[in-house]
Amino acid sequence: MYWSRWFKAWFASAVICIIIFIASGAWIIYTLAHQEQDAQPSYVVNQARVQVSELMYLLEEHHEELEQAIDPSGIREELRTWSQQQNLSLLYAGLDGTVLFHSANPLPSGKDKLNLKHELHYDVYSARTDGNAFRLAFPVIDPDSGRQAGNAIFTLSASDVAYRQASSFPVTATVLTAASLLFLLLLLLQLRNKVNRHLLQPINQLKDHSEAILKGNYEQKAEHTRQDEIGELYAVFDQMRGEIMELSLQREAQDKAQKELITNISHDLKTPLTAVKAYIDAIQDGVCPDLPSVMEYMNIIQTQTNKMAGLVEDLLVHALRDLGQISVNPVECYSREIFENILKPMGPYIRTSGVEFIEPSEIPNVLIRIDPVRMEQLLSNLIANALKHTSANDSIRIEISRQHNQLQLTISDTGEGILEQDMPFIFERYFQGRAPSQYAKGFTEGTGLGLSICKHIIEAHQGSISFKSLKHQGTEFYLTLPLC
């Protein structure tokens, strides 16, 4: 599972656990804070009525005697005794609030009065005193007239009359709280294991792979079995490793090719330089008796110097290409005149090799953007490459035609052709294909830069280059240039 999906599910579960935990905890706190309000008001009043019923009976029967200053029947003492036995306090007041009896003072002065508005409490909530007691008032009814004769105010201990339900601890809330806390801990443990196994360990392994690459070990593959973001990172990293390995191999091959190029060019330059020096020394030593002999030697010297100049030019273009400074300056011009001027001097050069040169029958006169100097260099390289693959009695043909919005040049020969195994590499720098023994000499004279330079020049003209070659049938190169 991808990390993003897994973390969304994990986060949602954690939030649900936290919400349940907070709600259950609040439920427990609320329940415990309000347990003292669990007493049933109706039960408290009824229990108080039962407890004071005998006292109320005495009060209703003897309330008139309590209004007298003397106590011939001993009712006050009896009420006091009952009050002590019932562990309560009794205060009897008349309808005007005059205190007629108090269990703590059986013989009141008769001058004490109560504010009945504030002292009479008939419900449990207002009857609750600051202490752990209830101060309940009951009306005293005269049995003969049925009228209220006074008020009996009882102060009772809450433990005697209040019924508190058995401690109803919120078990459900407690279970939910414990379960949510346990599940949250499990989620945190799962997150820890997930991070360690599927994040930190793969990252540490990736670090080891990176260090291996820094040390030049590109063979160690980075593999990850899970299909998630880390797996995608591993795939991209391994792709990068492959590209770095490929670039490293290419760099090594390029370094090797450059060394071989320097060796080959050193050899190629040494041979004509030696020949030039030998002919110059011969001329200076008077070996040539007449002017025709001198001119023959001069022609040989010129051929060798031209060969060295070509090698130096290829090296210069190659160096400029590597630096991104090869100059291609196309200008708008008509194709017929440009290509006539380029192809005209090539015919005699090709024919001197015993190869037939077939010029284009017609050159379309269209407007194109072209650098004449670079285009001449491109065609010269292709002609030189064709000459390497041809021998006497073969032919080289150049055709130029208009194809839609492009000008197409075809350079074909009837030589041996390019070997099939060499075809993918002919436009690479320093590559020199293998050839049969009859063409081996021509191949050793090159640097492997000609076709690479051709490709760069044609692409700088926004054109393209391609080829087709068959064994023993020759090769055809196709150049396309866009029209203006």
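Rules of the game
- Residues numbered from 1 in each chain as written.
- Predicted model: local features only at pLDDT ≥ 70, side-chain atom pairs only at ≥ 80, totals over all residues.
- Heavy atoms only, no water.
- Phe/Tyr/Trp six-rings, centres within 6.5 Å; stacked < 30°, edge-to-face > 60°.
- Helix = DSSP H or I, 4+ residues; strand = E, 2+ residues; numbered from the N terminus.
- Buried < 20%, exposed > 50% of the residue type's maximum accessible area, 1.4 Å probe, protein only.
- Patch = residues over 30% accessible without salt bridge, like charges linked within 9 Å, V, L, I, M, F, W, Y side chains within 5 Å.
- Areas by Shrake-Rupley, 256 points an atom, 1.4 Å probe, with all protein chains shown as cover.
- Salt bridge = Lys/Arg side-chain N within 4 Å of Asp/Glu carboxyl O.
- Contact = heavy atoms within 4.5 Å.
- Pairing = 2+ DSSP bridges.
- Axes fitted to C-alpha atoms, helices over the stretch in contact; angles between N-to-C directions.

Asks: In this structure, what is going on with the packing of aromatic side chains? I would like to understand it.
Replies: Think of a pair of aromatic rings as described by two things: how far the centres are apart, and how the planes are tilted against each other in angle. Scanning all chains against the criterion turns up seven aromatic pairs. Judged by centre distance (6.2 Å) and plane angle (25 degrees), the ring pair of phenylalanine 7 and phenylalanine 11 falls under stacked. In this pair, phenylalanine 7 and phenylalanine 11 both sit in helix α1 (residues 3-33), four residues apart, roughly one turn of the helix. By relative accessible area, which is 39% here, phenylalanine 7 ends up partly exposed.

Asks: For this particular structure, what's the right way to read a nonpolar patch on the surface?
Replies: Among the surface-exposed residues, Ile18, Phe21, Ile22, Leu181, Leu185 and Leu188 lie close enough to one another that they form a single nonpolar patch of about 530 Å² accessible area. Those elements that provide at least two residues to the nonpolar patch are α1 and α8 (171-214). By the element assignment, isoleucine 22 lies in helix α1.

Asks: What am I meant to see in the pattern of salt bridges here?
Replies: Side-chain pairs of opposite charge can arise whenever the charged atoms involved come near each other. Considering all chains together, one arrives at five salt bridges under this definition. For aspartate 238, the salt bridge goes to arginine 241, with nearest N and O atoms at 2.9 Å. Note that aspartate 238 and arginine 241 are positioned in helix α9 (residues 229-284) at a spacing of three residues, about one turn of the helix. For the pair shown, aspartate 238 and arginine 241 are each scored as buried.

Asks: I tried to follow the environment of histidine 102 on my own but got confused; where do I start?
Replies: Relative to the helices and strands, histidine 102 resides in strand β2 (residues 99-102). In the structure, histidine 102 is positioned 11 residues away from leucine 91 in sequence and 4.4 Å away in space, judged by C-alpha atoms. The residues touching histidine 102, leaving out its near neighbours within four places in the chain, are Ser89, Leu90 and Leu91.

Asks: Which parts of the structure should I look at to understand the sheet that holds strand β6 (residues 356-358)?
Replies: Think of a sheet as strands paired side by side through backbone hydrogen bonds, with each pair either parallel or antiparallel. Within the open sheet, the five strands sit side by side as β6-β8-β9-β11-β10. Their pairing is mixed. Since the sheet does not close on itself, it has two edges, and those belong to β6 and β10 (464-470), each with one partner. On average, each strand axis in the sheet is tilted by 15 degrees relative to the strand beside it, whichever way the strands run. Sheet topology places strand β8 (residues 395-403) next to strand β9 (residues 406-413); eight bridges connect them, and they run antiparallel. The partner of isoleucine 396 across the bridge, within β9, is aspartate 413.

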